[in-house]
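Structural features, examined
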Amino acid sequence: MDKVQNAPVFEMRHIYKMYGELCANNDVNIHLNPGEILAIVGENGAGKSTIMKVLYGLERPTSGEIFVRGKKVRFHNPSDAMAAGIGMVQQHFMLFESMTVAENIVFKNEITKGLLLDKKKTIETVQALSDQYMLKIDPEARIDECPVGLRQRVEILKILYQSAQIIIFDEPSAVLTPLEVDGLLDTMRQLAAMGKSIVLITHKLQEVMNVADRVYVMRDGKVVAERKKDATDEEELAYLMVGRHIPARHIPPKEVTRELLELSGVTLKGENKLLLDSVSLHVGAGEIVGIAGVSGNGQSELIQCVTGLRHCDGGTVLLQGKDVTNKSVREIRDAGLSHISEDRFVWGSAIDASLAENTLMGKEDEAVFSKKGFVDWNHVRQYCADLIRKFDVKASSPAQKLHEMSGGNAQKLIVAREMSMDAPLLISCEPTRGIDIGAMEFIHDQMLKKRAEGGGVLLVSSELSEIMRLSDRIYVIFEGRINGEFRRGEMDDKSLGLLMLGGANHA
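All of the points below concern the structure found in this document. (Residues numbered from 1 in each chain as written. Predicted model: local features only at pLDDT ≥ 70, side-chain atom pairs only at ≥ 80, totals over all residues. Heavy atoms only, no water.)

It is worth spelling out the overall build of the chain at this point. In terms of helices and strands, the chain carries 16 helices and 24 strands. In summary, the chain has a C-alpha radius of gyration of 25 Å against a globular reference of 23 Å for 507 residues, a match within 12%. Principal axes of the C-alpha set define a box for the chain whose edges measure 70 × 50 × 45 Å. Going through the 507 residues of the chain one by one, you find that 50% of them count as buried. Considering only intrachain contacts with a sequence separation of at least 6, the fraction spanning at least 24 residues in the chain is 66%. Accessible area of the chain: about 23500 Å², with a carbon and sulfur share of 49%. Each charge class in the chain was averaged separately, 61 positive and 71 negative side chains, and the resulting centres sit 3 Å apart. (Helix = DSSP H or I, 4+ residues; strand = E, 2+ residues; numbered from the N terminus. Rg over C-alpha atoms; globule rule 2.2 N^0.38 Å. Buried < 20%, exposed > 50% of the residue type's maximum accessible area, 1.4 Å probe, protein only. Contact = heavy atoms within 4.5 Å. Areas by Shrake-Rupley, 256 points an atom, 1.4 Å probe, with all protein chains shown as cover. Lys, Arg positive; Asp, Glu negative; His and termini not counted. Charge placed at Lys NZ, Arg CZ, Asp CG, Glu CD.)

Counting 64 residues, the largest nonpolar core has Phe 10, Met 52 and Phe 169 as its most contacted members. With residues up to four places along the chain from it excluded, the contact list for Phe 169 reads Val 89, Ile 156, Leu 184, Met 188, Leu 191, Ile 198, Val 199, Leu 200 and Ile 201. (Core = buried A, V, L, I, M, F, W, Y, C linked by side-chain atoms within 4.5 Å.)

Attention now moves to the pairing of strand β24 (residues 481-487). Pairing of strand β23 (residues 473-478) with β24 involves five bridges; the strand directions are antiparallel. Its bridge partner lying in β24, Ile 477 is registered against Ile 482. (Pairing = 2+ DSSP bridges.)

On the surface, a nonpolar cluster with roughly 340 Å² of combined accessible area is contributed by Leu 309, Val 329, Val 346 and Trp 347. Residue Leu 309 is classed as partly exposed on the basis of its relative accessible area, which comes to 32%. (Patch = residues over 30% accessible without salt bridge, like charges linked within 9 Å, V, L, I, M, F, W, Y side chains within 5 Å. Salt bridge = Lys/Arg side-chain N within 4 Å of Asp/Glu carboxyl O.)

For the rest of this paragraph, the subject is the pairing of strand β6 (residues 86-89). Neither face of β6 is left uncovered, since the one carrying Ile 86 and Met 88 and the one carrying Gly 87 and Val 89 both have all their residues buried. Pairing of β6 with strand β9 (residues 166-170), which is carried by four bridges, proceeds in the parallel orientation. Following the sheet pairing, Gly 87 is matched in β9 by Ile 167.

This part takes up unusual backbone geometry. Non-glycine residue His 14 carries a positive phi angle of around 50 degrees. Residue position: His 14 is located in strand β1 (residues 10-19).

This brings us to the environment of Ala 356. Considering the arrangement of structural elements, one finds Ala 356 in helix α11 (residues 355-360). Judged by its relative accessible area of 3%, Ala 356 falls in the buried class. Sequence separation between Ala 356 and Gln 382 is 26 residues; the distance between their C-alpha atoms is 8.6 Å.

A separate point is helix α8 (residues 234-242). Among all positions in α8, only Leu 237, Ala 238, Leu 240, Met 241 and Val 242 are buried. Positive backbone phi, at 90 degrees, marks Gly 243, one or two positions downstream of α8.

Tallied over the entire structure, the rule returns 20 salt bridges. Salt-bridge contacts for Arg 330 lead to Asp 365; the nearest nitrogen and oxygen are separated by 3.1 Å. Note that Arg 330 is positioned in helix α10 (residues 329-334) and Asp 365 in the loop between α11 and β19 (370-371), a separation of 35 residues in sequence. Where Arg 488 meets Asp 472, a salt bridge forms, and the shortest distance between an N and an O atom there is 3.0 Å. Here Arg 488 is found in the loop between β24 and α16 (493-500), whereas its partner Asp 472 is found in the loop between α15 (464-470) and β23, with 16 residues between them in sequence. Within the structure, one salt-bridge network assembled from shared partners comprises Glu 36, Arg 214 and Glu 226.

According to the stated counting rule, one finds three aromatic pairs in the structure shown. Ring geometry for Phe 391 and Phe 442: centres 5.0 Å apart, planes at 85 degrees, overall edge-to-face. On the criterion of sequence distance, the pair formed by Phe 391 in the loop between α12 (377-390) and α13 (407-419) and Phe 442 in helix α14 (residues 437-452) is long-range, its members being 51 residues apart. What makes Phe 391 buried here is its relative accessible area of 4%. The ring of Phe 67 has Arg 13 sitting right over it, with the charged end atom 4.0 Å from the ring centre. (Phe/Tyr/Trp six-rings, centres within 6.5 Å; stacked < 30°, edge-to-face > 60°. Lys NZ or Arg CZ within 6 Å of the ring centre and 35° of its normal.)

Quick look at the side chain of Ser 471 now. As for its position among the elements, Ser 471 is in the loop between α15 and β23. One polar contact links the side chain of Ser 471 to the main-chain amide nitrogen of Gly 290, over a distance of 3.4 Å. In this structure, Ser 471 is in contact with Ile 288, Val 289, Gly 290, Leu 459 and Arg 488, ignoring residues within four places of it in sequence. (Polar contact = N/O pair within 3.5 Å; in protein donor to acceptor, adjacent residues only side chain to side chain.)

As for its position among the elements, Glu 97 is in the loop between β6 and α3 (101-105). Exposure remark for Glu 97: the relative accessible area of 39% places this residue in the partly exposed category. Along the sequence, Glu 97 and Leu 260 sit 163 residues apart, while their C-alpha atoms lie 41 Å from each other. Contacts of Glu 97, omitting those with residues within four sequence positions, involve Arg 142, Ile 143, Asp 144 and Arg 151.

Here it is, written out as structure tokens:
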């Protein structure tokens, strides 16, 4: 059913946003209608988050005009935007872990009795708000006890408590399971039906087709297309985002010839509980094995134990039949492992070093780069330039410092370095985080190439679609334990989501 097309609740006209020489938003015109769910899609760096930060007062436009309900406005900060009825649910939740749900929702707008918080009235008010919008929460629960999906509800209620009529969601499903995503999309529909106007910033086209009324596509800082949802499809939107067609991928089955990685009973103790509880898994030559789980369920600790970044308290890790349990990072890498780490800046690179120095890491003792203890920098720079070209890294030169690059391009450089190690086993953690669609396809192709050539890949990703599309086998991890194992095509994303939340495997 079409929404009532009254005057737009906001209009952004001819918005430019410059960061030095970089034009992040280039003559952008966007409007939102009352009660509408508007999606803004685009690759990493397309300008979609920037334009919404401009609307929300987090960034000031270089030029252009903003109108809210027909009135020209100039926001200096988010408080100005909130006063005009605009709220934003950001990717990284802004909640106080030690405070209750109710205390977080009323923060900065507390209900007081004298000088103190009126706890009884606060709980009653938050419960009434929860009931009104059918967003079920426990007002007295502490945030650190709440799962991710519940925390997101708290963020939404916090904005509704401040009487927001326009709600911006910035990549809201990045940390949610499939069932939680369904709940979020239902919430958006419900809010729109109650008269709220919604902006959804996302790169997940299935969600767009599921919930949006209208779509803007951005590329290179510009709006390149506007479509009504009913007049487009995922294929067209992907083409508009990238500027070319992305072919469908068929992954043929492949026989596993030998085991590359074998974990048996790996255990890791935390302060009050086991972070890893007797984890056993294996990765064979010629397969991609995925680990699916909600963030914080032990996958990070597991990879750290395998790669030597952390010592486990029990169990064994075999790499190509060699016991590498609690060996050093160097010893494990020399035994045949390369590693794309989940945090590119903490574990994967030296941000103040040059691109050439970063590509040399792990290869500094190889004869081709080092002779008699001296690095052949000409050879290193040429090697770095070759990787930059092959992996389409946007960089000025091998001498550029890593911290001067965008996060996505820094990730591409790290992927290029690790993919070029020729190690039999690749551990790939969040390999496409912050990467655009074109680069994502290239990285996927590189992992599949490794598989085809008889290597093995252990893939950890918060993108469930990535795990399901690429993996020959999938392990589900929940609270440090393996909660299921299955092969490609044996389980749909909803059933997998239930396992990720601790449900039983009835397959």
